[in-house]
Structures are given as structure tokens and as C-alpha cells.
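The residues making up each chain are set out below.
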Amino acid sequence: MFAQRKRRAPGWADRSEADLGIALLELFAYAGDQLSYLQDRVALEGFLRTAAQTESVRKLLRLIDYTMDPGCAAQTALLFECVGPAPLYIARGLPVGTQVIADVAAVGYETVEDAVLYPALSRIALAVDAPSTIDRKQAVLHANLNGVLQPGTWLLFQQGRKREWAQVGSAMFALATTTVTLASALVAKYTAAADAAGNLPATSVHGNRVRATHGMSQRVGRLSSGEASQRVELELAPLTWTFDESEQKAVSTLAVMVDSESWVEVEDFIDSDASAHHYRVTRDNDGYLTIHFGDGTAAAVPSEGSAIVVLYRVGLGSAGQVASDTLTRFDRTLAFPDPNQHITGVRNPLPATGAREPQSLAQARLLGPAQLRVQDRAVVPADFERVLGEGVRLNGQKIAPLQSRARIRHTGSWNTVVV
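Residues numbered from 1 in each chain as written. Predicted model: local features only at pLDDT ≥ 70, side-chain atom pairs only at ≥ 80, totals over all residues. Heavy atoms only, no water.

Each pocket or cavity is described by its volume, and for the largest pocket that value is around 710 Å³. The wall of the largest pocket is formed by 26 residues, among which Arg 58, Met 68, Pro 70, Trp 241 and Glu 265 lie closest to the centre. Residue assignment for the lining of the largest pocket shows that the elements contributing at least two residues are α3 (54–62), β16 (249–252) and β19 (278–283). Considering only residue class, the lining of the largest pocket consists of twelve nonpolar, six polar and eight charged. Here the second largest pocket is characterised by a volume of approximately 290 Å³. Looking at the second largest pocket, it is lined by 16 residues, and the ones nearest its centre are Arg 92, Val 112, Arg 211, Thr 242 and Phe 243. Elements with a contribution of two residues or more to the lining of the second largest pocket: β4 (108–111), β12 (209–214) and β15 (241–244). (1 Å grid on protein atoms, 1.4 Å probe; cavity = no way out; pocket = protein on both sides within 12 Å on 5 of 7 lines; lining within 4 Å. Points joined across faces, edges and corners; volume = space filled by probe spheres on them. Helix = DSSP H or I, 4+ residues; strand = E, 2+ residues; numbered from the N terminus. Nonpolar A, V, L, I, M, F, W, Y, C, P; charged D, E, K, R; others polar.)

Laid out in C-alpha cells, this is it:
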């Protein structure tokens, strides 16, 4: 700019910092330096090797069909003990946690299923040693559990540190005993009485099993301004992802509602028209999420004054990996219809499992490009033959054709693959 000054304003010779023209040149130089920096940063975010933002790496890898692992929350089976003249009903989302000790923060879990707790299943004695048959699938309980014990019920067999869950396949009821046939064989042997030395207590059997996962529920509510491209920033992180057994993958616990209507999360707004009730999510390097709504052209805008409610859970990865018998804290003021109904205790007999940290940027950069060696889409006829030839899994059994042939036919406006 000084060179331009000599050519365009030769009479301007003052170079004092107090000169208004020099001050303006300094400001222009500062603005240009900032723009150059931003241009460099944007250019670097366009390459996998130099990208430093989570969203940039995620989008670059999606171009080659690689999805970064969001991580997964730890899970465990809780054991409830209760008293009362009738069964107790608890809705999913009941919080439990570890005890607060000194400076160690408590770890929070929540139940992920509705459950009915039976006082009769809180603690049961064995009538004879278990297993009581050669196939190791039978146990005789010292109680008549008719009307309480159903096929599919999970029972915990515990004798000292020996503990294992077993699922009931069928049950036969007598005057003072219940004989259960288990779906799978017991691994260990359990004695009905304690040993003479008193080193090993008598076996106890427990029901009232409820699944729970790491993470505590949060709620964010606000009114829509009606403006395009609204955003909602979540103040807590990381977002909880739990393992869905039916889909065999981790699923998000994030839910967004506008005036009590659930909106759908999409990866981007490319296929979202002006009326689509869609939102998308971005994540920064620290795991904090921002929810983005549409602009009225690509995805809808929440109408002015509408109530936006965001429900999500916080807790992920190894922070939720707790040892056995540590999830013992719960709300003891929980009320039930009958004042004599109470939950007397809760615990996790076995350690939590399944915790997985979100994939790091370094690992994604390393593993992502290997996806180029794997083809997950069919293009030419041979691809369709290969995909069909791999078969499908149904009820644990793989079903595949003996052979498959494919050809492409032009059917007027498009090509059709006939397999």
C-alpha cells in the first residue's frame, strides 16, 4: 500500500503514526492479514491431512462412505429389591448412580426400559444345589412363584463372588417350590446351604433385572424467533450414544421437538424442501453440539413463538465403566400407589461393559482412507451379483443364493438392473 501511495498520491509524504492516512493504511493492512489467515484456514480444512476441525474431517470422510465412530455408553443390568403387598411399576429413565466420595464425581446411569418389580423376586433361596440336572439347566427355588415368574425372566444366581445371570425357559410350580428350566446351562455350581466353615454363604437367587446405560437426561427449552437458520447450542457434553441391539449399532439419545412434534435429524439439508421438519447437528472438537434449523428454502423454519424442546443425555465412553456393586444410589423418596411399597435397594451385580470412546481425529485420518479399498455400493452388473451373492442373515442363519446373474437394461427414462 505504501508503494501504491507513491504512485497514486505522490504529494503525500507524511509517514507519522499520527497521520490519519497512515492510521487507515494500518487498519487496512490488519483487515487484509485477518482475511488471508481465514483463507488459509478454510483451504487447510479442505484436506484430510491438514483439517483440524471435527466437522471438516467428518464431512471429508463421508465423501468416501466412512462414518466416524461416535463412541458408546457403558451398560449394565441392575438388580432391584423391593417390598410391598403388590408389584411396583417403574418407568424407563429412572436415575441411579454411584455414591459421592470425596472429590470423585458420581457416575450417573438411567434405566432404559419400563419394568415391573415383584417383591417375591427380591431374594429367593435354593431348595437344592443348582444345577440339579446333568444338562445344568435346572434349578429348584424354595418358593412358590406362580403368577410371578414368567418365561423370559432373568434370574441372578449369587454365592459370594460367584454371580451369573440366567434366563428362565419354563417353570413348574409346587406347594412350596418352583422348578425352573433355564434357557442356557449354568456355568458354576451353587450350593443351597453355606459351608461348615462359614467362608461361603448360602446361594441367593434374585429377579427384578432392569437394563441401564450410562448418561443423565437433560432438557433445553426455548421459544423460536421465527428467523431463518436458527441454532441451539447445548451447554453440556458429551452426548450419550447407546447400543441398540436390534440395529446392532450405537444410536443417539438426542431428540428435538417443536410444539410437541418430533423433528427428524438429517446429515445435511440437500434433500430437504421448504416444508421438511428437519434439523442437522454439528459437533466441535470438545464434543459440544449445535443444532441447526433450516432457512425456509432448505428445511423448514420453526414458526415464531413455537416451543423448541431438546432432550438428550450426557455421559459417554470409559467414564461410565463402573465396577460391580457400585450403582447403589437412587431416589429413596420415590412414591408408589400403596404407602407400603418401597424400593429397598439397587445394585449392579456385574461390572458395566460396552463403553467406547468417540473416535479421535488422528485415528479417523488413519483409518478413513482405507475405506477406498472397500466397495459398499453397486455400479456395474458384477457388483450386483457380488452383493446378492453375500446373502442375508435371518434369525442367526445365513441365507445366500447358489448363484446370481445381473444385467443392465435401458427401460425408457433410466437404466434398470435385473438380477
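Strand order across the open sheet formed by six strands is β6-β11-β8-β9-β10-β7, with antiparallel pairing between neighbours. Each end of this open sheet is capped by a strand with a single partner; those strands are β6 (124–125) and β7 (138–141). For strand β8 (residues 154–159) and strand β11 (residues 204–206), the ladder comprises three bridges, and the chain directions are antiparallel. Each residue of the ladder has a partner; that of Leu 156, found in β11, is His 206. (Pairing = 2+ DSSP bridges.)

The two faces of strand β17 (residues 255–258) differ: Val 256 and Val 258 on one face are buried, but Ala 255 and Met 257 on the other face are not. Pairing geometry for β17 and strand β18 (residues 261–265), over three bridges, is antiparallel. Each residue of the ladder has a partner; that of Val 256, found in β18, is Trp 263. A loop of two residues connects β17 with β18, the two strands running antiparallel in sequence, and Asp 259 in this loop sits at a positive phi of about 50°. (Buried < 20%, exposed > 50% of the residue type's maximum accessible area, 1.4 Å probe, protein only.)

Right, let's get into helix α2 (residues 20–44). The end-to-end C-alpha separation of α2 is 36 Å, in line with the 36 Å expected for 25 residues at 1.5 Å each. Every buried residue of α2 is listed here: Gly 21, Ile 22 and Leu 25. Packing partners of the buried residues in α2 comprise α1 (2–8). The distance from a side-chain oxygen at the start of α2 to the backbone nitrogen of Gly 21 is 3.1 Å, and the residue carrying that oxygen is Asp 19. (Expected span 1.5 Å × (residues − 1). Contact = heavy atoms within 4.5 Å. Polar contact = N/O pair within 3.5 Å; in protein donor to acceptor, adjacent residues only side chain to side chain.)

A cluster of nonpolar side chains, Met 1, Leu 20, Leu 24, Leu 27 and Phe 28, forms an exposed patch at the surface whose accessible area comes to about 550 Å². Positionally, Met 1 belongs in the segment before α1. (Patch = residues over 30% accessible without salt bridge, like charges linked within 9 Å, V, L, I, M, F, W, Y side chains within 5 Å. Areas by Shrake-Rupley, 256 points an atom, 1.4 Å probe, with all protein chains shown as cover. Salt bridge = Lys/Arg side-chain N within 4 Å of Asp/Glu carboxyl O.)

A separate point is the sheet that holds strand β1 (residues 75–83). Sheet strands pair by backbone hydrogen bonding; their relative direction is either parallel or antiparallel. The six strands lie next to each other as β22-β3-β4-β12-β1-β23, forming an open sheet whose pairing is antiparallel. The open sheet has two free edges, formed respectively by β22 (329–330) and β23 (342–347), since each of these has just one partner strand. Sheet topology note: the β1/β23 ladder contains five bridges and is antiparallel. Looking at the pairing, Val 83 lines up with His 342 of β23.

As a further point, take the packing of aromatic side chains. Under the criterion given, the structure shown has two aromatic pairs. Ring centres of Phe 157 and Tyr 190 lie 5.8 Å apart, and the angle between their planes is 40°; this geometry places the pair in the tilted category. Of this pair, Phe 157 sits in strand β8 while Tyr 190 is found in the loop between β10 (178–182) and β11, placing the two residues 33 residues apart along the sequence. The exposure class assigned to Phe 157 is buried, which follows from its relative accessible area of 0%. Judged by relative accessible area, which is 1%, Tyr 190 ranks as buried. Seen in terms of ring centroids, Trp 263 and Phe 293 are 5.6 Å apart; in terms of plane orientation they differ by 85°. Their pairing is edge-to-face. Taken together, the residues Trp 263 in strand β18 and Phe 293 in strand β20 (residues 289–293) connect sequence positions 30 residues apart. (Phe/Tyr/Trp six-rings, centres within 6.5 Å; stacked < 30°, edge-to-face > 60°.)

Looking now at the side chain of Thr 111. Mapping Thr 111 onto the fold places it in strand β4. In this structure the side chain of Thr 111 is engaged in a polar contact, spanning 3.0 Å, whose partner is the backbone nitrogen of Leu 94. Thr 111 has contacts with Leu 78, Phe 80, Ala 91, Arg 92, Gly 93, Leu 94, Val 210, Arg 211 and Ala 212, leaving out every residue within four places of it along the chain.

Turning next to the pattern of salt bridges. Counting across every chain of the model gives 14 salt bridges. Notably, a salt bridge pairs Arg 41 with Glu 45, separated by 2.7 Å at the nearest N-O pair. Given the relative accessible area of 23%, Arg 41 is considered partly exposed. Taken together, the shared-partner salt bridges in this structure form one network comprising Glu 55, Arg 58, Arg 62 and Glu 267.

What follows covers unusual backbone geometry. Pro 131 follows Ala 130 through a cis peptide bond whose omega is 0°. The topology assignment puts Pro 131 in the loop between β6 and β7. Unusually for a residue other than glycine, Asp 65 sits at a positive phi of about 65°. Positionally, Asp 65 belongs in the loop between α3 and β1.

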